[in-house]
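Close look at the chain arrangement
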Amino acid sequence: MIIVDVETTGIVPEKHSILSIGAIDFNDPTRRFEIECSAFAGAECEDEAMAITGFTKESVFDASKPSESEAIAKFWEWAGEAKDHTIAGQNCYFDLEFLLAAAHRAHIDISLPKRIVDLHSVIWAHMIVKGEVPPIDPAHKRSNINSDFICKYVGIPNENGPHVGMHGALWEAEAFSRIFYSKPLLPEFNEYKIPWL
């Protein structure tokens, strides 16, 4: 699996741009990919996205950074060396759609599979197997398994501060390892105990 996390200027892949990509090859966690890029010309920027990522609207179009097209090309070159191209992460259909949209804009043919491994679903199943009841948001009547819940559930600290692609990829990879194998994956998290052990 390729654990991937992207940060963007908004939530619509066709009109918003990738700002950063972080990725870890789950089969070889020493293989990591990280890049920050400028938004494509004409990309829209949502204030909420800027608040989450810590970017300013001025920094989004910083021409000294690689372009979104250059970033997706470098990502695909890195990802091509992985044995398994299955995309995984928290709500990773979002990340996958942005990667595909960026590749389309760059006229790069990437063959990322639509079959994904979503951390939310894996946590839900883990709780059910343990006889626990997954949390439901009473106002929206839907799952309330968000990033903060997942961190607490697997025993690692929340991602604090502005969201950066690599930070997200790191905690997602660690969470997958703890759920799948009941053991830490990355040295960054060795000091944190797994709650169910």
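The preceding data block contains the structure.
Rules used in this analysis
- Residues numbered from 1 in each chain as written.
- Predicted model: local features only at pLDDT ≥ 70, side-chain atom pairs only at ≥ 80, totals over all residues.
- Heavy atoms only, no water.
- Buried < 20%, exposed > 50% of the residue type's maximum accessible area, 1.4 Å probe, protein only.
- Helix = DSSP H or I, 4+ residues; strand = E, 2+ residues; numbered from the N terminus.
- Pairing = 2+ DSSP bridges.
- Axes fitted to C-alpha atoms, helices over the stretch in contact; angles between N-to-C directions.
- Parallel < 35°, antiparallel > 145°, perpendicular 65-115°, else oblique.
- Left-handed = near helix turned anticlockwise from the far one by under 90°.
- Contact = heavy atoms within 4.5 Å.
- Nonpolar A, V, L, I, M, F, W, Y, C, P; charged D, E, K, R; others polar.

**Regarding the pairing of strand β2 (residues 18-25)**
With eight of its eight residues buried, β2 lies for the most part within the structure. Summarising the sheet, strand β1 (residues 2-8) and β2 pair through seven bridges and their orientation is antiparallel. From the neighbouring strand, Asp5 faces β2, where its bridge partner is Gly22. Bridge analysis of β2 against strand β3 (residues 32-36) gives five bridges, and the strand direction is antiparallel. Pairing of Ile24 across the sheet is with Arg32, part of β3.

**Considering the pairing of β1**
In terms of residue burial, β1 counts as a mostly covered element, since seven of its seven residues are buried. Burial along β1 is two-sided: Ile2, Val4, Val6 and Thr8 facing one way and Ile3, Asp5 and Glu7 facing the other are all buried.

**Quick look at the packing of helix α3 (residues 68-79) against helix α4 (residues 92-105)**
If you want to describe how two helices pack, look at the angle between their axes and the distance between the axes. Contact geometry of α3 with α4 gives a least axis separation of 9 Å together with a crossing angle of 115°. By the angle class used here, α3 and α4 are roughly perpendicular. In the crossing of α3 with α4, the sense of the turn from one axis to the other is left-handed. Contact residues: Glu68, Ile72 and Phe75 in α3; Leu99, Ala102, Ala103 and Arg105 in α4. Across the contact of α3 with α4, the residue classes break down as five nonpolar, no polar and two charged.

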